[in-house]
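Overview (structure and organization)
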Number of protein chains: 2
Amino acid sequence: MTAAILPEIALSAPEVRQRIRRAELDGPTAGLAPGHVQANLMILPKDLANEFLLFAQRNPKSCPLLDVSNPGQTLLTGLGEDIDIRTDTPRYRIWQDGKLVAEPTDLMDWWRDDLVTFSIGCSFSFEEPMLAEGIDVRHISQGCNVPMYRTNIPTRPTTGLHGPMVVSMRPLKAADAIRAVQITSRLPSVHGAPVHIGDPALIGIQDISRPDYGDAVEIRPGELPVFWACGVTPQSVIQTVAPPFCITHAPGHMLITDLLNTKLAVL
Amino acid sequence: MTAAILPEIALSAPEVRQRIRRAELDGPTAGLAPGHVQANLMILPKDLANEFLLFAQRNPKSCPLLDVSNPGQTLLTGLGEDIDIRTDTPRYRIWQDGKLVAEPTDLMDWWRDDLVTFSIGCSFSFEEPMLAEGIDVRHISQGCNVPMYRTNIPTRPTTGLHGPMVVSMRPLKAADAIRAVQITSRLPSVHGAPVHIGDPALIGIQDISRPDYGDAVEIRPGELPVFWACGVTPQSVIQTVAPPFCITHAPGHMLITDLLNTKLAVL
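Quick look at the structure, then. Along each chain, numbering runs from 1 in the same order as the chain's sequence is written. Numbering of ligands from 1 and lettering of chains from A proceed in the order in which they are written. Restriction of local features to residues with pLDDT of at least 70 applies here, the model being predicted, together with a cutoff of 80 or more for giving and counting side-chain atom pairs; totals for whole chains, interfaces and linings are based on all residues. To get the side-chain values, take all heavy atoms of the structure and skip hydrogens and water.

Some thoughts on the interface of chain B and chain A
Chain B puts 21 residues into the contact, and the matching count from chain A is 21 residues. In total, about 1,700 Å² of surface goes out of reach between chain B and chain A, with carbon and sulfur atoms giving 52% of it. If you sort the residues of chain B by the area they bury against chain A, B:Leu53, B:Gln57 and B:Leu267 come out on top, with a joint share of 28%. By definition here, a salt bridge exists when the distance from a side-chain nitrogen of Lys or Arg to a carboxyl oxygen of Asp or Glu is within 4 Å. On the surface where chain B and chain A come into contact, there are 2 salt bridges. In what follows, residue pairs with any heavy atoms lying within 4.5 Å of each other are defined as contacts. Buried area: the accessible area, evaluated with a 1.4 Å probe, that two parts lose upon being put together, summed over both parts.

Now the structure itself:
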């Protein structure tokens, strides 16, 4: 058996990153390097980074930080061995004045010495133990994106950053909803326990069949919609200030770390 | 029954703060407003505050943040109703260039509009559930301060802040040590699970009978020393940079919040 004939699913986290670095992989990362934490990215100039760090501290469920770099730091030593933020994510989004201007596969033409990288926990890490216990995670079994909604739940603002919480939704039978509360409570660094269960109107969602981001999923009789704080919240909040320059990952194209999902559990 | 004849122990958190504000109480806060979170304080000018916020993000066990204010903010709305940081702690310490220059009971002569208040979790919040389960917390039963030690465990540094972790130690029977791991794992915002159990030499402590801070306590046959990351770590780290100006609480003279210890549990 040689590396060349290994299916992608069997590659280790460092092997996947090497292929991404060589631009041999540039697609979505769902299912790659199973068991390993994948991170959302928010890369900001230093001045705005200080404000964003405070926002994250005040909103840990929406914006659970796995790691924050020094300004200009390219090797993310807090997340694993030889992780170069400029090359090791399959696709990035470059934003100028709030507008998307490019979707490169590396940052070699865009990197600046004042940039701070925020690596933010992602729901992949809590869906894995849900699937392992046989819970049907609907958007996965339907093969689409998770549905996400703007709510009327305010975030705790900073001087410059504010806006409503965005939530993701998974429909679950009551017993599975209870187990999902237990599973995700153990994982505060990837959004933690749900923020709401049941009536969507109580958190300002008018039509559950029309998500603001992602795709609608079927809610079967007897199922409850269960809502978690979503990593789209910080992206949405940053968009409201339309910074002169920032970088994110492209949706679904995450940074694969050496951290293990199981190690994120507090208990 | 009138407020005047209530013993201090029976006062609510807001009542205790009112007495502190009027300087009718200026002593240690241990045992006051049972069930309520008490906070360590670190008050820093804005420039150093950004660096300290990053240090705390990288060292959540040593520096678990309960709340971070805006610059100049005097009412700590994240911690309760009508909490004025300038008056509601029994005693403060004023530091200039790393030297202690005053120990006032309020900050009215010292407050500045660029000051950011960090409220940091404290071990009182996890000792309470240990005591409630009948675990002997030795420094409490001996009526002294908890023993604290400098270790050889490095903190994750920032550009300007670095230094070893300081730990607190509680000697426990094996069964109690196991239960203490469970209890404190549920409380990541007040230091979380222990960082070490057993041989002190393995974390660089040469003589367990001579703590670097606090008082030595008896370790009985069959007991294991159990070590937790300690809120003295950030104070120790800040001292190494000797900032021109900063404020802390006086040891044992904590800020009493409206938050409930039980609510800090993630599960």
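Picking up after the structure, the text goes on.
Quick notes on the environment of B:Ile140
Residues and elements named next belong to chain B. Put simply, DSSP H or I for four residues or longer makes a helix, DSSP E for two residues or longer makes a strand, and each gets a number counted from the N terminus. Structurally, Ile140 can be placed in helix α4 (residues 138-141). Any residue under 20% of the maximum accessible area for its type is buried, any over 50% is exposed, and the rest in between are partly exposed; the area is computed with a 1.4 Å probe on protein chains only. Under the relative-accessibility criterion, Ile140 is labelled partly exposed at 39%. Along the sequence, Ile140 and Glu127 sit 13 residues apart, while their C-alpha atoms lie 9.2 Å from each other. What Ile140 contacts, discounting residues up to four positions off in sequence, is Glu127 and Leu131.

Here we look at the packing of aromatic side chains
Residues and elements named next belong to chain B. A pair of Phe, Tyr and Trp rings is counted when the ring centres sit within 6.5 Å of each other, with Trp represented by its six-membered ring. The angle between the planes then sorts it: under 30 degrees is stacked, over 60 is edge-to-face, the rest tilted. Per the counting criterion, the structure on display carries 6 aromatic pairs over all chains. Aromatic side chains Tyr149 and Phe227 sit 6.4 Å apart centroid to centroid with 75° between the ring planes, which places their arrangement in the edge-to-face category. Highlighted residues: Tyr149 in strand β6 (residues 148-154) and Phe227 in strand β9 (residues 223-229), separated in sequence by 78 residues.

What about the nonpolar core?
By size, the foremost hydrophobic cluster in this structure holds 40 residues, and its most contacted members are A:Leu44, A:Phe52, A:Phe118, B:Leu44, B:Phe52 and B:Phe118. If we ignore the near neighbours within four places in the chain, the residues touching A:Phe118 are A:Asn40, A:Leu41, A:Met42, A:Leu44, A:Ala49, A:Phe52, A:Leu53, A:Leu65, A:Asp67 and A:Val68. Definition of nonpolar core: a set of buried residues of the types Ala, Val, Leu, Ile, Met, Phe, Trp, Tyr and Cys, connected through side-chain atoms within 4.5 Å.

Brief notes about unusual backbone geometry
One non-glycine residue, A:His191, lies in positive phi territory at about 85°. Classification of A:His191 as buried rests on a relative accessible area of 3%.

Remarks on the environment of B:Ala30
In this fold, B:Ala30 is placed in the loop between α1 (13-21) and β1 (36-45). Expressed as a C-alpha distance, the spacing of B:Ala30 and B:Ile9, which sit 21 residues apart in the sequence, is 9.9 Å.

Regarding the pattern of salt bridges
Residues and elements named next belong to chain A. What the rule picks out here adds up to 32 salt bridges over all chains. One salt bridge in this structure joins Arg17 and Asp258, with 2.9 Å as the shortest N-O distance. Of this pair, Arg17 sits in helix α1 (residues 13-21) while Asp258 is found in strand β11 (residues 255-260), placing the two residues 241 residues apart along the sequence. The network of salt bridges with shared partners includes Asp136, Arg138, Glu218, Arg220 and Glu223.

Here's the deal with helix α3 (residues 124-132) of chain B
Residue and element names in this part refer to chain B. Of all the residues in α3, the buried ones are Ser125, Phe126, Glu127 and Met130. Each element contacted by the buried residues of α3 is listed here: β1, α4, β7 (164-173), α5 (174-185) and β9. Positive backbone phi, approximately 80°, marks Gly134, located one or two places after α3.

Describing the relation of the copies chain B and chain A
If you rotate chain B by 180° and push it 0.0 Å along the axis, it lands on chain A with an RMSD of 0.0 Å. Here the copies are linked by what is in effect a two-fold axis. The C-alpha atom lying nearest the rotation axis in chain B is that of B:Asn50; the distance is 3.0 Å. An overlap of 100% is found between the interface residues of chain B and their copies at the interface of chain A, pointing to a shared contact surface. Superposing copies: least-squares fit, C-alpha atoms only, residues required to have pLDDT of at least 70 in both.

Interpretation note: all reported values are geometric properties and have no functional meaning in isolation.
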